[in-house]
Amino acid sequence: MRTSRIAALLLAVSAAVLWAASRMAWITVDTFDDKSGDATNAIIGGLWSTEQTAVAMLLLAGSIAGFALRRTGRRVVGVISALAGIGVSWAPLGLLAGEPDPQRAHQLLSTGEEAKIAAWAEIANLDVNSAGPALAMFGAAVALFGGVLLAMKPGADSAKLNRYERKQDRAAKISRDLEAEPDSGRVMWDALDADIDPTDTRRP
């Protein structure tokens, strides 16, 4: 299997891993409300780090592009995917290396149509569930590796595509020759051989 195809598959794997990580509980929040009492709620990765899902979709699109685009396009996709892998690693890395922000946790749980706690509820405790952020870090690392691999080794365009490009280049050259030497027998034969009507004045 070509290296570019392996890289594209790695981008698909990273997209699946990031999506799975975004559905996992990253933080368990214990709150106290003087009206309803104690409560425990989980904040999933997709809520704490909204870019997780967006980057997963980006990487999935990048994987498809890695199979469909030409060499230059694959290289660009690789660079973008590698940068996305770096960017999406910051949120889970921050949780694994530091402490979650209580105010942000409170805001996420108390706002929106599906608010789980009251605005006056107090944060009693925050616990980081390391499995979710760790899985997200793994997905980000796979995205970085796959993106760099695709950018460094985008592969060559298929022979079929190269033949098509050569045919297009030849047709363009013959059209220029017809404009420069419309009475040349050689040019007329070349045009007929390339299925170009030498008498057609509507050529671009």
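This text goes with the structure placed above it.
Here the structure is a predicted model, which means the values were calculated and not measured. (Residues numbered from 1 in each chain as written. Predicted model: local features only at pLDDT ≥ 70, side-chain atom pairs only at ≥ 80, totals over all residues. Heavy atoms only, no water.)

1. As for the overall build of the protein chain
Argument step 1. Within the protein chain one finds 9 helices and 3 strands.
Argument step 2. Each helix (α) and strand (β) of the protein chain, taken in turn from the N terminus, gives the series α-β-β-α-α-α-α-α-β-α-α-α.
Argument step 3. The proportion of buried residues among the 204 residues of the protein chain is 37%.
Argument step 4. Look at the contacts in the protein chain between residues 6 or more apart in sequence, and 71% of them connect residues 24 or more apart.
Argument step 5. Of the roughly 12,000 Å² of accessible surface on the protein chain, 60% is carried by carbon and sulfur atoms. (Helix = DSSP H or I, 4+ residues; strand = E, 2+ residues; numbered from the N terminus. Buried < 20%, exposed > 50% of the residue type's maximum accessible area, 1.4 Å probe, protein only. Contact = heavy atoms within 4.5 Å. Areas by Shrake-Rupley, 256 points an atom, 1.4 Å probe, with all protein chains shown as cover.)

2. Observations concerning the pairing of strand 2 (residues 37–44)
Argument step 1. As paired elements, strand 1 (residues 25–33) and strand 2 share 8 bridges and run antiparallel to each other. Paired with Ala25 across the two strands is Ile44, which belongs to strand 2.
Argument step 2. Taking the residues that link successive antiparallel strands as the turn, the strand 1-strand 2 hairpin has 3 residues. (Pairing = 2+ DSSP bridges.)

3. Let's talk about the packing of helix 3 (residues 51–68) against helix 4 (residues 71–88)
Argument step 1. The contact between helix 3 and helix 4 brings their axes to 10 Å, and the two run at 160°. Between helix 3 and helix 4, the interaxial angle falls into the category roughly antiparallel. Once helix 3 is placed against helix 4, the crossing between them reads as left-handed. Residues Glu51, Gln52, Val55, Leu58, Leu59, Gly62, Ala65 and Gly66 of helix 3 form the contact with helix 4, whose own contacting residues are Arg74, Val77, Ile80, Ser81, Ala84 and Val88.
Argument step 2. A class-by-class count of the residues in the contact of helix 3 with helix 4 yields 8 nonpolar, 4 polar and 2 charged. (Axes fitted to C-alpha atoms, helices over the stretch in contact; angles between N-to-C directions. Parallel < 35°, antiparallel > 145°, perpendicular 65-115°, else oblique. Left-handed = near helix turned anticlockwise from the far one by under 90°. Nonpolar A, V, L, I, M, F, W, Y, C, P; charged D, E, K, R; others polar.)

4. A look at the side chain of Ser63
Argument step 1. Tracing the sequence through the fold places Ser63 in helix 3.
Argument step 2. On the basis of relative accessibility, which here comes to 5%, the residue Ser63 falls in the buried class.
Argument step 3. For Ser63, the side chain forms a polar contact with the main-chain oxygen of Ala8, separated by 2.7 Å.
Argument step 4. Here Ser63 is in contact with Ala8, Leu9, Leu11 and Ala12, once residues within four sequence places are set aside. (Polar contact = N/O pair within 3.5 Å; in protein donor to acceptor, adjacent residues only side chain to side chain.)

5. Quick word on the packing of aromatic side chains
Argument step 1. Per the stated rule, a full pass over the model turns up 0 aromatic pairs.
Argument step 2. In this structure, Lys35 is placed above the aromatic ring of Trp120, and the distance from its NZ or CZ to the ring centre is 4.7 Å.
Argument step 3. The cationic tip of Arg104 hangs over the ring face of Trp48; the distance from NZ or CZ to the ring centre is 4.3 Å. (Phe/Tyr/Trp six-rings, centres within 6.5 Å; stacked < 30°, edge-to-face > 60°. Lys NZ or Arg CZ within 6 Å of the ring centre and 35° of its normal.)

6. What to know about the packing of helix 4 against helix 7 (residues 131–152)
The angle between the axes and the distance between the axes are what describe a pair of packed helices.
Argument step 1. Running from amino to carboxyl end, helix 4 crosses helix 7 at an angle of 160°, the nearest separation of the two axes being 7 Å. If you check the angle between helix 4 and helix 7, you find them roughly antiparallel. In the crossing of helix 4 with helix 7, the sense of the turn from one axis to the other is left-handed. The residues of helix 7 that touch helix 4, namely those facing Arg74, Arg75, Val77, Gly78, Val79, Ser81, Ala82, Gly85, Ile86 and Val88, are Ala140, Ala143, Leu144, Gly147, Val148, Leu150, Ala151 and Met152.
Argument step 2. Looking at the contact of helix 4 with helix 7, its residues break down into 12 nonpolar, 4 polar and 2 charged.

7. Considering the environment of Gly147
Argument step 1. Mapping Gly147 onto the fold places it in helix 7.
Argument step 2. Given the relative accessible area of 0%, Gly147 is considered buried.
Argument step 3. Considering only alpha carbons, one finds Gly147 and Leu83, 64 residues apart in sequence, at a separation of 8.0 Å.
Argument step 4. Once residues lying within four places of it in the same chain are set aside, the contact partners of Gly147 are Leu11, Gly78, Val79, Ser81 and Ala82.

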